[in-house]
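In case you want the letters, here they are:
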Amino acid sequence: MQGIPTSLRRLLLASLACVLGAASLTYVVDPLQLFRASRLVAAFYSDDTRVQNAGLIRSQTFDTAFMGTSLAIHFRQSDIDRALGVHSLKLAMTGSNSRQQSFVLEQAIARGAKRVIWAMDDFIFIDAAGIEADPYLSVDLYRRTAKGIASYLFSAAMAKESLFALLRSVPPLQEPLTRAAPYLPLKFALPDVDDIYALPRDFDVASGYNARRTLAAFTYITAPTRSRFLGEDYGYDVMVRHFERDAVGLIARYPDVTFDIYFPPYSILQFVAMRDASPATLKTVTDLTARIAERLSQLPNVRLHDFRAIKAVTHDLDNYSDVIHHSPVVDAKVLAWLASGEYRVDPSKPTAALDELKMQVEAYRVER
């Protein structure tokens, strides 16, 4: 009878030692680089941007933060730096909303960003959970609270990443494990921060972006059984409230930070789809972006750029993989336009580009 408690005690002590050992390993290796930039082992990065961004903000040197949704996720930091003469940190998150974007940007500004480049989609302002209750973004990890640090150090997944990172630092294993990393069950498999969510350099642009795919997407979203999703969760009053809180509120709190905000060049079919299948949504979007343009034009630390009426790009359906996502060729054009200021909104005529877009949408006829 006396052996049972002893065995149980040994089991508990052994379990505790394993847990503390795993936590110590994660602390020392620090795969997210939450405590320090990688020195003991080679740095690796993850495409899980909502988690990765917390470490990037802590470990990278930057003066400019680049934010957006999936429309901005494929940009490379090196291209941004070269085109705009900055030292950027890409923080774009697929499917992100304005609360998430504003929160992450505020963390980057607190760490030294003096310029923000923000690809502002209208749909980021739809209703969403409060940032403290957001199940997809750990604010405690970003803030490095005791809860956030504990969730990081005592994560079995992070212990696994740490172990692989440690093994990759052993010279005989370094090359084979680095080559195999993208195919292993690892999140932190990218050796270059420039490759986070970027398309492979040998990506076949013509096969990924072409008119056939764009028209197929248009047909899909305008089908009578699916068209109701075009305006799902779109409500003008709610979206304006979120814009004021998440965008204007952030900009007003940091008057010394310059905000380059741009409306991405969706294909003309994005708006034509709304025109044909959900006119109320099109009115909400145009009313909202008119309000955004007028409001942002009043703020002295904002430079607003509107790329939505550049017909040579938005009417060429070979530039897109669906009705909104544009190719790397257009990525380069966006950076060139930001650098030149060619499509910067004149504060005295904040809706001029929107008015041009409205006329284009009204006149456009789909060729199938």
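Predicted model, so just to flag it, every value in this text is computed and none were measured.

Draft legend 1. Fine view of empty space enclosed by the protein. Taken as a whole and judged by the stated rule, the model has one cavity of 30 Å³ or more. Estimated volume of the largest cavity: approximately 60 Å³. What lines the largest cavity is a set of 13 residues, and nearest its centre among them are Pro31, Ser38, Ala42, Phe44 and Ala165. The leading source of residues in the lining of the largest cavity is helix H7 (residues 156-168), at three residues. Split into classes, the residues belonging to the lining of the largest cavity amount to eight nonpolar, two polar and three charged.

Draft legend 2. Representation of the pattern of salt bridges within the structure. On inspection of all chains with the given rule, the structure shows 17 salt bridges. Linking glutamate 244 and arginine 295 is a salt bridge whose minimum nitrogen-to-oxygen distance equals 2.9 Å. In this pair, glutamate 244 sits in helix H11 (residues 236-253) while arginine 295 sits in helix H13 (residues 279-296), placing the two residues 51 residues apart along the sequence. We classify glutamate 244 as partly exposed; its relative accessible area is 22%. With relative accessibility at 25%, the residue arginine 295 sits in the partly exposed group.

Draft legend 3. Up close: unusual backbone geometry. Phi at tyrosine 197 is positive, roughly 55°, even though this residue is not glycine. With respect to the helices, strands and loops of the structure, tyrosine 197 is situated in the loop between strand S5 (188-190) and helix H9 (205-208). Looking at tyrosine 197, the relative accessible area reads 30%, which means it is partly exposed.

Draft legend 4. The packing of helix H10 (residues 211-222) against helix H12 (residues 268-277), seen in detail. Between H10 and H12, the least distance of the axes is 10 Å, while the angle of their chain directions is 25°. In terms of orientation, H10 lies roughly parallel with respect to H12. Regarding H10 and H12, the two cross each other, and that crossing is right-handed. Contact residues: Thr214, Leu215, Phe218, Ile221 and Thr222 in H10; Leu269, Val272, Ala273, Asp276 and Ala277 in H12. Per-class residue counts for the contact of H10 with H12 are seven nonpolar, two polar and one charged.

Draft legend 5. Main features of the packing of H12 against helix H16 (residues 352-363). Between H12 and H16, whose axes approach to 9 Å, the crossing angle comes to 65°. Taken together, the axes of H12 and H16 are roughly perpendicular relative to one another. Every pair of crossing elements has a handedness; the one defined by H12 and H16 is right-handed. In contact with Ile268, Phe271, Val272 and Arg275 of H12, H16 contributes Leu357, Gln360, Val361 and Glu362.

Scoring rules and cut-offs
Residues numbered from 1 in each chain as written. Predicted model: local features only at pLDDT ≥ 70, side-chain atom pairs only at ≥ 80, totals over all residues. Heavy atoms only, no water. 1 Å grid on protein atoms, 1.4 Å probe; cavity = no way out; pocket = protein on both sides within 12 Å on 5 of 7 lines; lining within 4 Å. Points joined across faces, edges and corners; volume = space filled by probe spheres on them. Helix = DSSP H or I, 4+ residues; strand = E, 2+ residues; numbered from the N terminus. Nonpolar A, V, L, I, M, F, W, Y, C, P; charged D, E, K, R; others polar. Salt bridge = Lys/Arg side-chain N within 4 Å of Asp/Glu carboxyl O. Buried < 20%, exposed > 50% of the residue type's maximum accessible area, 1.4 Å probe, protein only. Axes fitted to C-alpha atoms, helices over the stretch in contact; angles between N-to-C directions. Parallel < 35°, antiparallel > 145°, perpendicular 65-115°, else oblique. Left-handed = near helix turned anticlockwise from the far one by under 90°. Contact = heavy atoms within 4.5 Å.

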